[in-house]
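One letter stands for each residue in the lines below.
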Amino acid sequence: QVQLVESGGGLVQPGGSLRLSCAASGSIRSIAEMGWYRQDPGKQRELVATITSGGSTNYKDSVKGRFTISSDNAENTVYLQMNSLKSEDTAVYYCSMDIRVNTYYRQYWGQGTQVTVSS
């Protein structure tokens, strides 16, 4: 019923930039919060940044000042602008949204997009 589709990953050199996008579609009544997470093989998925429907943001300490999360609530889309990328930012990035289809909110995930920072 609800699908999240990500785009924008790829290979970039250290110091470069990438912009990730994630659009939700389906029977959506409302979205409470949108976010980005990342995961390295063999490691736990970690929160990168979140944004509420009211525009409040939260960032992982290591990306503060380099990454910016934003959203287009009318389009049910969330973005992650990543600047000054470092090799340690390499991971699969997943978008997540807390979406209400009927009565309750439920967390939905995108399929993941690979970000590789390497020279």
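Within each chain, residue numbers correspond to sequence positions counted from 1 in written order. The predicted nature of this model means local features are confined to residues of pLDDT at least 70 and side-chain atom pairs, given and counted, to a pLDDT of 80 or more, with totals for whole chains, interfaces and linings taken over all residues. Only hydrogens and water are removed before side-chain values are computed, so all heavy atoms of the structure are retained for them.

1. Section: the sheet that holds strand β8 (residues 77-82)
A pair of strands is labelled paired if DSSP reports no fewer than 2 bridges between them. Think of it this way: any DSSP run of H or I at least four residues long counts as a helix, any run of E at least two long counts as a strand, and we number them from the N terminus. The sheet built from four strands is open, its strands ordered β1-β3-β8-β7 with antiparallel pairing. Only two strands of the sheet have a single neighbouring strand rather than two, namely β1 (2-7) and β7 (67-72). Mean inter-strand twist for the sheet, computed between neighbouring axes without regard to direction, equals 15°. Bridge count for strand β3 (residues 18-26) against β8 is six bridges, and the pairing is antiparallel. Within β8, the residue paired with Cys22 across the bridge is Val78. Between the N-to-C directions of two axes lies an angle of 0 to 180 degrees, each axis being a line fitted to C-alpha atoms and, for a helix, fitted only over the stretch in contact.

2. Some words on the pattern of salt bridges
Salt bridges are defined as contacts in which a side-chain nitrogen from Lys or Arg sits within 4 Å of a carboxyl oxygen from Asp or Glu. Summed over all chains, the structure comprises six salt bridges. Across the pair Glu46 and Arg38 runs a salt bridge whose closest N-O atoms are separated by 2.7 Å. Accessibility expressed as a relative area gives 29% for Glu46, which makes it partly exposed. Residue Arg66 pairs with Asp89 through a salt bridge whose shortest N-O separation is 2.8 Å. Burial classes follow relative accessibility: with a 1.4 Å probe on protein chains only, a residue under 20% of its type's maximum area counts as buried, one over 50% as exposed, and anything between as partly exposed.

3. A few points about the pairing of β1
Where burial is concerned, the two faces of β1 differ: the one with Val2, Leu4 and Glu6 is buried and the one with Gln3, Val5 and Ser7 is not. Strand direction decides the pairing type here: β1 and β3, joined by six bridges, are antiparallel. Within β3, the residue paired with Gln3 across the bridge is Ser25.

4. Thoughts on the pairing of strand β10 (residues 105-109)
Pairing of strand β9 (residues 91-100) with β10 involves five bridges; the strand directions are antiparallel. Bridge assignment links Ser96 to a residue of β10, and that residue is Trp109. As consecutive antiparallel partners, β9 and β10 are separated by four residues.

5. A word on the state of the cysteines
Note on terminology: pairs of cysteine sulfur atoms within 2.5 Å are recorded as disulfides. A full pass over the atoms with the stated rule returns one disulfide. The side chain of Cys22 participates in a disulfide bridge whose partner is Cys95; the two sulfur atoms lie 2.0 Å from each other. Every disulfide takes its handedness from the sign of the S-S torsion; for Cys22 and Cys95 that torsion is 40°, giving right-handed. With Cys22 in strand β3 and Cys95 in strand β9, this residue pair connects regions lying 73 residues apart in the sequence. On the basis of relative accessibility, which here comes to 0%, the residue Cys95 falls in the buried class.

6. Observations regarding the environment of Val12
Tracing the sequence through the fold places Val12 in strand β2 (residues 10-12). Contacts of Val12, omitting those with residues within four sequence positions, involve Ser17, Leu18, Leu85, Thr116, Val117 and Ser118. Note on contacts: a residue pair qualifies if any of its non-hydrogen atoms lie within 4.5 Å across the two residues.

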